Every structure is written in C-alpha cells, then in structure tokens.
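The residues making up each chain are set out below.
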Amino acid sequence: MCKAEKSIYHKKLWEMKVKFLGDSKFKNSLVSRSRMSLWMIRAMTILLLWSCFVHLVALGEMWGPRLLKGWPSCFNHGHDFPMAAAQEMSSLPMKLALPPKRIYQNNGYLMVSCNGGLNQMRAAICDMVTIARYMNVTLIVPELDKTSFWNDPSEFKDIFDVDHFITSLRDEVRILKEVPPRLKRRVELGVYHTMPPISWSNMSYYQDQILPLVKKHKVLHLNKTDTRLVNNELPVEVQKLRCRVNFNGIRFTPKIEELGRRVVKILREKGPFLVLHLRYEMDMLAFSGCSHGCNRYEEEELTRMRYAYPWWKEKVINSELKRKEGLCPLTPEETALTLSALGIDRNVQIYIAAGEIYGGKRRLKALTDVFPNVVRKETLLDSSDLSFCQNHSSQMAALDYLISLESDIFVPTYYGNMAKVVEGHRRFLGFKKTIELNRKFLVNLIDEYYQGMLSWEVFSTTVKSFHATRMGGPKKRLVIPNKPKEEDYFYANPYECLQLLHENENGNSLDETK
C-alpha cells in the first residue's frame, strides 16, 4: 500500500472512531435524559398526590368531623385517646391550609354592632357572617359592645384572632377590617343607613327586606345583633355555616389561648376537674331580681342597681316567686347541696368560671366547706399573667370559656348565654359531660329537704334520677312554633352539625324531650 493510500486509510479510520464515539455519547446522553425525565415525572406525581392529601385533610379539619359525617379526621375527640391527651390536643390551635376565595358579585357592605356579653356576641357574629354570605355582601369585622353594664373597651382584635377569622371564612364570604377608602369618609360622616333587624327572623326576611336596603344605600349598619336569626326551619347548609363560624372561624387571640392552655395544664397535673359556672354575680342578681339568701342591706343594694339601669325594664320583682319558677341562678348554698346529691367527689378540683361572687367568701363558705379544692384563675395564676385582661370582662370570659371546654364536667347554675354556647360547643367536641340543672325542680326539692320532708338518701336519689338524661348527650332540639324564646336555643344543641343525627351510640332514637 502506497504512502498516500495509507494516509487516506488512517484518516477514514479516525473519522469512523470519532463518529462511533460521538454516537455513543449521544446515546448515553439520551439514556441519561430519559432517566432524568422519568425521575422528574415520578417526583411531580408524588408531590401532586401529597398536595391533594394535605388539602383533603385541611378540608376535613376545617369543617370538623361533625360537619363531614362519617369521614375520618385528625380532629377527633373520641374515647380512643387518653383523656388528658385528647384535652390537650383539643386546645391546640389548628394550622389549616387557606381555602380559596369565593368569587361573587358584591351587593354592598354590612356593618354590625354586637350587643351583650361575650357569648351573646359570639353567637351574633356567627349569625351575621351567615346572613352576609347569603346576601352576597361584604361584612366589615363586627364592632363589640362597649356601652353595656360591663363597660368593656375591648375591640374585636383584642379578643378574637381577626386574621384567622377573615382568612378561614374567605371561601364563604368576603370580610374586611374596615370599609374601603372610597366609602370611609362617608361612614365617618354617618352617611349610611342604620337599623335593628327584627328578632328571630328567617333568611327570607334578610333576602326580601334587608338586601334591598343594602343595594340602595351601599352601606348598611345593623345596630342590634342578638337572636336575629331563628333557631329552626333553616336550610341545613345555613345551619352548618353557623356551626363552621362558631367552631372553626372564631378563635381567641394567641395570648388568651396560650393562657387558657396554661390553666388547663395546671389543673390537669392534679387530676380531673369540674368547671362550675356559678352565675351568682351582682349584675345577674340585680337584673333578675333574685335575692334569696341575701341580707336586707344586700337586697336594697341590688334594688338600687336595678333602677340605675334604664334598659333593665323589669323593676318590681318578687324574688321568691321567681325562684320557685326556676328563673333564678342557684345560690352557692343550693349549688353545694346539688353537687353533693349528684355524687360529685368532694376532693375533685372545682374551677369557678365567673366574675366576683356576690357576698364573697361569706357566701362561698357553704361550697368550700363541702368541696375544699375550689379554685379560680386568680388563684392559679400570678396577677401579672392576668394584667393584660384586667378590667376587660370579655377577655376574662374568653379565658373561662376555654377552660370550660376542656373540663371533665361542666355545670352551669344558670342557663344564660355562656351556659348555652359552651354546652353546644362541648356537644360538638364529642358530647362531653355537661350537667343541665333544672332549677325549678331543684329549688322545690331543696326546700322539702330543708323542711325535713325528705331524707338525704331520698333527696340524693331523686336528684340523680331526674338529671340522668340531662348530661349533654345527643338529642333533638325542642321546637315550639312561634315561641322562639321558649324553645331550645340553636347554639346549645346544633344537632344538624353533629355526627349522631338520628341515632345514638346504642342505636336508639334521639330523645326529643327536654
């Protein structure tokens, strides 16, 4: 082979090697890219599945197991967990994924001024959110009552977690902290329509009479909010929204929640505890005209107070007659006797969820003599811990509310707003034991016992037997057409939102009796 031919041969051989190596690298690159794509697809699939799972869990948490009947949920207060652990879990704030915003044509802006104490305002807020949603309006964060007997200057943000309130409900209704800038000056000048809605109204009233006013004036102010929505005869989705606001949308501020957990932890370290809502405060007695067990000076003081408040319309009151009708709160003496008759362990911790008891230690002595482990937030915490809510009765009531939810037993001595709302919330948390005392029955029985007409054994057995079915278990609300004040309150027993709608755990029909 000549020299030129050799040169050509080597050149072709070199080109073949280069081509081979190039093809090999190209093929390896394709394989590498193919593997990379496969791993990327797998990773994206896993992320997508995990995202779906997280959103489903968040949705279940948001509505709670009692709004999604039969769905498993981490928000479980059942009996499968130790009581202390379940109690601690229930008090922890839930971290939820934000729901998507609901898009709707805004019909106007609704401003509301709540009236009454903390729990009356709490129920009203739930109603106003629901009303705003079904009128397709924008709700301005409610204004709290600052002019009532308690004279509490607290704003909404001082008691409730306002950001959670807005964001957790944004898939239902748009809520703003204040009216938009273009309307702010108009509101400051008072150029808007204000009115009290009719009590115990249904949704058609708000659709037919209130909504046209919103559309006409653009801004409507409702200056009364207590019991402005009926208990019954509402669509299930309306009732469930009221529940969702109450149990998930409304949350106390982190500071109040943390303090509540501290108190519960202190109590739990010493064992089970009972919360006694001893509604024997001066304002309650003056308002109701109940003075049983008070001396003459105290009776006169309560009467003067009743006449000092013009919006307390009833002035001349027969205390004993009212007591016999069961319309008075139980006295500390009657309460001690009742708890003993119910078989409450004398060594149990009793946390008093109330303000200052009228008559102080003198009237509480009958209770502390029988139950020595009586405590209050003021005795469990340093004064510095409570400094931020001193002279703020609603913030103090919020703390008592949290502790009442976590107790092993809750016993109210008067069936007021706190008693009702806490009872309903405890039902939602798994029908936790709440003893609903029948005061009319009890005071007459107590009088017979004091008169020597009943032995202790007969008295105790009768009290236990009568209240055996009044422990906060599943039952339908008592409905009395055209008498909403006399029927069962929705927030005391929101059974549309509970898991056990038609049958209890034993398969029996729900008791529809009181």
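Our structure is the block above this text.
The structure presented is a predicted model; accordingly, all values stated were derived computationally and were not measured. Per-chain numbering applies: the sequence of each chain, read as written, is numbered from 1 onward. Under the rules for a predicted model, residues below a pLDDT of 70 receive no local features and side-chain atom pairs below 80 are neither given nor counted, while totals for whole chains, interfaces and linings still include all residues. Heavy atoms throughout the structure, all of them, feed into the side-chain values; hydrogens and water do not.

(A) Layout of the pattern of salt bridges. Think of a salt bridge as a Lys or Arg side-chain nitrogen and an Asp or Glu carboxyl oxygen that are within 4 Å of each other. Tallied over the entire structure, the rule returns 30 salt bridges. With a closest N to O distance of 3.5 Å, Glu172 and Arg244 form a salt bridge. Here Glu172, found in the loop between helix 5 (162–168) and strand 3 (175–176), pairs with Arg244, found in helix 8 (residues 236–249); they are 72 residues apart in sequence, far enough to count as distant. By the burial criterion, Glu172 is buried, and Arg244 matches it. Note that Lys440 is salt-bridged to Glu325, the shortest N-O span being 3.8 Å. Under the DSSP-based scheme used, a helix requires at least four consecutive residues in state H or I and a strand at least two consecutive residues in state E, with every element numbered from the N terminus. A simple rule labels every residue: compare its accessible area, found with a 1.4 Å probe on the protein chains alone, to the largest value its type can have, and call it buried under 20%, exposed over 50%, or partly exposed in between.

(B) Seen up close, the environment of Lys224. In this structure, Lys224 sits in the loop between strand 5 (219–222) and helix 8. For Lys224, a relative accessible area of 37% translates into the label partly exposed. The sequence separation of Lys224 and Cys114 amounts to 110 residues, and the corresponding C-alpha distance is 6.1 Å. Should any heavy atoms of two residues lie within 4.5 Å, those residues are considered in contact. When sequence neighbours within four positions are dropped, the list of residues in contact with Lys224 reads Ser113, Asn115, Pro196 and Pro197.

(C) Just the environment of Val191, in detail. Following the sequence through the fold, Val191 ends up in the loop between helix 6 (181–188) and strand 4 (193–195). Val191 sits 28 residues away from Val219 along the chain, and the two C-alpha atoms are 8.8 Å apart.

(D) Looking closely at the state of the cysteines. The criterion for a disulfide is a pair of cysteine sulfur atoms lying within 2.5 Å. Taken as a whole and assessed by the stated rule, the structure comprises two disulfides. Here Cys290 connects covalently by a disulfide to Cys328, the sulfurs 1.9 Å from one another. The disulfide joining Cys290 to Cys328 has a torsion of about -85° about its S-S bond and is therefore left-handed. Highlighted residues: Cys290 in the loop between helix 10 (282–288) and helix 11 (296–308) and Cys328 in the loop between helix 12 (319–324) and helix 13 (332–341), separated in sequence by 38 residues.

(E) Inspection of the pairing of strand 9 (residues 409–412) at higher detail. Burial of the side chains of strand 9 extends over both faces: Ile409 and Val411 are buried on one face and Phe410 and Pro412 on the other. Paired strands, in this sense, are two strands between which DSSP finds at least two bridges. The sheet contact formed by strand 6 (residues 273–277) and strand 9 spans four bridges and is parallel. Within strand 9, the residue paired with Val275 across the bridge is Phe410.

(F) Here's a closer look at the packing of aromatic side chains. Ring pairs shown here join Phe, Tyr and Trp side chains whose ring centres sit within 6.5 Å, with only the six-membered ring taken for Trp; geometry is labelled stacked below 30 degrees between planes, edge-to-face above 60, and tilted in between. For the coordinates displayed, the defined rule picks out 16 aromatic pairs. Charge-over-ring placement is defined geometrically: NZ (Lys) or CZ (Arg) within 6 Å of the ring centre, and within 35 degrees of the ring normal. Sitting over the ring of Phe490, Arg242 keeps its end group 4.3 Å from the ring centre. One residue, Lys315, lies across the ring of Tyr307, its end atom 5.7 Å from the ring centre.

(G) Broad picture of a positive patch on the surface. Taken together, Lys101, Arg174, Arg182 and Lys218 make up a surface patch of like positive charges. Looking at Arg182, the relative accessible area reads 63%, which means it is exposed. Patches in this entry comprise residues that are over 30% relatively accessible and not in a salt bridge; like charges within 9 Å are linked, as are nonpolar side chains (Val, Leu, Ile, Met, Phe, Trp, Tyr) within 5 Å. Only the protein chains shown count as cover for residues, and all accessible areas are computed by the Shrake-Rupley method using a 1.4 Å probe. For the purpose of counting charges, residues Lys and Arg are taken to be positive, whereas Asp and Glu are taken to be negative. His and the chain ends are not included. Taken as the charge location is NZ of Lys, CZ of Arg, CG of Asp or CD of Glu.

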